[in-house]
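# Structural description and commentary
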Amino acid sequence: MRVELVSGDITTSRAPVVIVPVHRTETGPRPWWGSPDKRWAAPLLGFLKRINFRAQLAEVQVCANPRRPEQIFIFAGVGFYEAYERSYLTKAISAGLRRAASLECDYVDVWLQIADQRKALSTRGVARAVRAIYQGTYRVDEKPLPKRVRLVGQTITAEARRRFRDECAVGEIFQRVRALANRPGNHATPDEIVRYVRDLKKRQPGLQIKVWGPAALRRMRCEALLTVGQGSRHPCYLIEIRH
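Below is a summary of the structure that appears in this document.

Conventions we followed
- Residues numbered from 1 in each chain as written.
- Predicted model: local features only at pLDDT ≥ 70, side-chain atom pairs only at ≥ 80, totals over all residues.
- Heavy atoms only, no water.
- Core = buried A, V, L, I, M, F, W, Y, C linked by side-chain atoms within 4.5 Å.
- Buried < 20%, exposed > 50% of the residue type's maximum accessible area, 1.4 Å probe, protein only.
- Helix = DSSP H or I, 4+ residues; strand = E, 2+ residues; numbered from the N terminus.
- Contact = heavy atoms within 4.5 Å.
- Expected span 1.5 Å × (residues − 1).
- Salt bridge = Lys/Arg side-chain N within 4 Å of Asp/Glu carboxyl O.

## Some thoughts on the nonpolar core
Across soluble globular proteins, you tend to see nonpolar side chains buried next to one another. Among the nonpolar cores identified, the biggest contains 30 residues, and Ile93, Ile133 and Leu151 are the most heavily contacted of them. Contributing elements (two or more residues each) for this core: strand S1 (2-7), strand S2 (17-25), strand S5 (72-80), helix H2 (88-102), strand S6 (107-111), helix H3 (123-136), strand S7 (148-153) and helix H4 (158-178). Residues within four places of isoleucine 93 in sequence aside, it is in contact with Pro21, Val110, Ala129, Ala132 and Ile133. Within the second largest apolar cluster, 14 residues are counted, among which are Val22, Phe47, Cys63 and Val152.

Listed below in structure tokens is the structure:
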């Protein structure tokens, strides 16, 4: 899966599925469009009112694009706009991506533009959105992931792009390490996990990895870990991963 950060407008998206976070205002639900074209705002806001969409946390509704019927919009509820900086955005995008996965689409755009006076995406908003993308695309089964997920914003600063690259690196590590939990116990032995993590370092140069074996753990007086490890014929290890 490839994750990209691009600048653009909701009218420029050509992905078959577009995820639009929606927040609540005093006048009703409103997608994060910044200053949208009225030709687009009227039919889509009309759809939200017609289905009585309340922008509740992680609520999801699907609508065909009135301008391009072959394109699908997934509206993901975030809650009140003031809650944007909290974890609600992550939950909403994750819910939208899970719904997109059920549609078995290869390309997904997550359209993120904050409807306030700021002209650029905040680095914190980019970070939360990238984490949501990786959490929302994590699959325990063998079903395919989207080949590409794009995070689309109207204006993107150099600082936001740097934060995006760092969060993507951490997200890749998150998914690879988390996949170890899905392997059978006779395959994911401590020795195999250590080899897997060291191989991961070769693919991610920015990683810092420390591995403590049984001898080092004894010197550190980690008696609890060593005692638990005595129940297996495999030696125990403590692994630290930093980025």
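Now that the structure has been shown, we can carry on.
## Quick word on H2
Relative to the 21 Å expected for 15 residues at 1.5 Å per residue, H2 spans 22 Å between its end C-alpha atoms, a close match to the ideal helical length. Listed as buried for H2 are Leu89, Thr90, Ala92, Ile93, Ser94, Ala95, Gly96, Leu97 and Ala100. Buried-residue contacts for H2 involve S2, strand S4 (60-64), S5, S6, H3 and S7. Phi turns positive one or two residues past the end of H2, at glutamate 104, with a value near 55°.

## Details of helix H5 (residues 190-203)
With 14 residues, H5 extends 20 Å between its outermost C-alpha atoms, agreeing within 8% with the 20 Å of an ideal straight helix rising 1.5 Å per residue. If you follow the buried residues of H5, they end up packed against H4, strand S8 (208-212) and strand S9 (238-242).

## Here's the deal with unusual backbone geometry
The phi dihedral of alanine 55 is positive, around 55°, even though this residue is not glycine. On the secondary structure map, alanine 55 appears in the loop between helix H1 (38-50) and S4. Alanine 55 gets classed as buried once you look at its relative accessible area, which sits at 0%. Positive phi, close to 65°, is recorded for alanine 58, a residue that is not glycine. In this fold, alanine 58 is placed in the loop between H1 and S4.

## Considering the pattern of salt bridges
Tallied over the full model, the rule gives nine salt bridges. The partner of aspartate 109 in a salt bridge is arginine 148, with the nearest N and O atoms 3.9 Å apart. Taken together, the residues span a long stretch of sequence, with aspartate 109 in strand S6 and arginine 148 in strand S7 at a distance of 39 residues. No difference in accessibility class separates aspartate 109 from arginine 148, as the two residues are buried. Here glutamate 167 and arginine 163 are joined by a salt bridge, their closest N and O atoms 3.2 Å apart. Of this pair, glutamate 167 and arginine 163 are both found in helix H4, four residues apart, which corresponds to roughly one turn of the helix. With relative accessibility at 28%, the residue arginine 163 sits in the partly exposed group. Sharing partners across several salt bridges, the network here consists of Asp109, Arg148 and Arg150.

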